[in-house]
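One-letter residues, chain by chain:
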Amino acid sequence: MFRKHQTLGEFIIENQAAFKYSSGELSSLINSIRLAAKVVNYEVNKAGLVDIIGSAGEINIQGESQQKLDVYANEKFIQTMTNRNIVCGIASEEEDDFISINSQDENNQNKYVVLIDPLDGSSNIDVNVSVGTIFSIYRRVTPLGTPVTIADFLQPGHQQVAAGYVVYGTSTMLVYTTGAGVNGFTLNPAIGTFYLSHPNMQFPEDGRIYSVNEGNYIHFPQGIKNYIKYCQMEEGDRPYTSRYIGSLVSDFHRNMIKGGIYLYPKCSLDSKGKLRLLYECNPMAFLAEQANGKASDGVHRILDLQPTELHERVPFVCGSKNMVEKCEEFIRNA
């Protein structure tokens, strides 16, 4: 049930019963992500005015230069979720290993682990281009009352109980799913409240946008090269429009609204792909499937892949269902 001017807090309360583990913890967890997102949004929007842009001088586990806002966002999300005593473990793209959280409750009954990319596309901050946060939530698989282990995080994507993203753009939006469709909430910065603005978001089955870093074309597998040429061919409703921001959240968000496909294939430079299965591909694949889209590694459904390590990378093809299936066809036939 959608109401005009409904706040995110009201939506969470009214729809809590639809969630199969309706005990309140998940609602509190979404609320803590909402709070951290507002804090990070405030810093993102003043990035050109204070000394928070540029490199922090550190290299993260991915071998990438950490930006100052990467570090800030990572600290804020971890701090907010830890302080609220609602998760038993957190894994972040910016951390070498997962963080085990000791519950203030002596029985240690917290049930959820969170995996997070605190600031996706942060290299765009310095040039004032949209960035985002991606989160993924699972129920732990190890016994309550014990410290979390790597097994709690290395779960296939179909085990997710919630996932979403925040896009910090011309407006700030929080988009999430708990397995019952996808809904988007826009922040009113004047009063600091998220309002339901995009109920029941859906990918069009077909689209006319393809999003890929064509600068890497020479390094792509032949099937991907063939699909890109297909997109560029003047035939029927083609050529498609090429749109690539370089921030997964922003490219995914646009394609979900307008219809399109996002491609980050493996290539001779990145033989396993570049995007992270746990922090980027799984949550986006869960959202895509809940919004009538599709996500795969070009061959297999993303949500069926069994992770083997925290920072595992995979190829990623995601978006409007018919476009993804056409791309998979080119990959099979190459």
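Predicted model only: the values in this text are computed from it and were never measured.

### Points about the nonpolar core
Alright, step 1. Residues Leu29, Phe77, Met81, Val87, Ile137, Tyr168 and Tyr176 are the most contacted members of the largest nonpolar core, which totals 38 residues.
Alright, step 2. Excluding residues within four positions of it along the chain, methionine 81 makes contact with Leu29, Ser32, Ile33, Ile86, Val87, Ile90, Val114 and Ile116.
Alright, step 3. In terms of nonpolar packing, the next biggest core, distinct from the first, is built from 31 residues, Met173, Leu275, Leu277 and Ala291 among them.

### Observations regarding the sheet that holds strand E8 (residues 172–177)
Alright, step 1. In spatial order, the strands read E4-E3-E5-E6-E7-E8-E9-E10; together these 8 strands make up an open sheet with mixed pairing. Two strands lie at the open edges of the sheet, namely strand E4 (99–100) and strand E10 (193–198), each paired on one side alone.
Alright, step 2. Across the sheet, helix H1 (residues 8–15) lies against E8, strand E9 (182–188) and E10, angled at about 10° from E8, the strand it touches most.

### Some thoughts on the packing of H1 against helix H2 (residues 25–44)
Alright, step 1. The interhelical angle for the contact between H1 and H2, taken along N-to-C directions, is 165°, at an axis separation of 10 Å. Relative to H2, the element H1 lies roughly antiparallel. Crossing handedness for the pair H1 and H2: right-handed. Here Leu8, Gly9 and Ile12 of H1 lie close against H2, whose contacting residues are Ser27, Ile30, Asn31 and Arg34.

### Observations concerning the sheet that holds strand E17 (residues 316–320)
Alright, step 1. Spatial ordering of the open sheet is given by E12-E11-E13-E17-E15, a layout of 5 strands whose pairing is mixed. A strand with exactly one partner marks an edge of an open sheet, and here the two such strands are strand E12 (241–242) and strand E15 (293–296).
Alright, step 2. Against the sheet, helix H6 (residues 277–290) touches E15 and E17, its axis set at about 20° to E17.
Alright, step 3. Where helix H7 (residues 321–333) meets the sheet, its contacts fall on strand E11 (209–211), strand E13 (261–264), E15 and E17, and the angle it forms with E17 comes to roughly 145°.

Conventions used here
Residue indices begin from 1 for each chain and proceed along its sequence in written order. Reporting in this predicted model follows two pLDDT cut-offs: at least 70 for local features of residues, and 80 or more for side-chain atom pairs to be given and counted; totals over whole chains, interfaces and linings ignore these cut-offs and use all residues. Just so you know, side-chain values use all the structure's heavy atoms and leave hydrogens and water out. Take the buried residues of types Ala, Val, Leu, Ile, Met, Phe, Trp, Tyr and Cys, join any two whose side-chain atoms come within 4.5 Å, and each joined set is a nonpolar core. With a 1.4 Å probe rolled over the protein chains alone, any residue whose accessible area is under 20% of its type maximum counts as buried; one over 50% counts as exposed, and the rest are partly exposed. Two residues qualify as a contact provided that any one of their heavy atoms is within 4.5 Å of a heavy atom in the partner residue. If DSSP finds at least two bridges between two strands, the strands pair. Secondary structure elements are taken from DSSP: a helix is a run of H or I of four residues or more, a strand is a run of E of two residues or more, and numbering for both begins at the N terminus. Interaxial angle, 0 to 180 degrees, is taken between N-to-C directions of lines fitted to C-alpha atoms, where a helix line uses only the stretch in contact. Each angle is binned into one of four classes, with values under 35 degrees roughly parallel, values over 145 roughly antiparallel, values of 65 to 115 roughly perpendicular, and all other values oblique. Each crossing gets its hand from how the near helix is turned against the far one by less than a right angle, where anticlockwise is left-handed and clockwise is right-handed.

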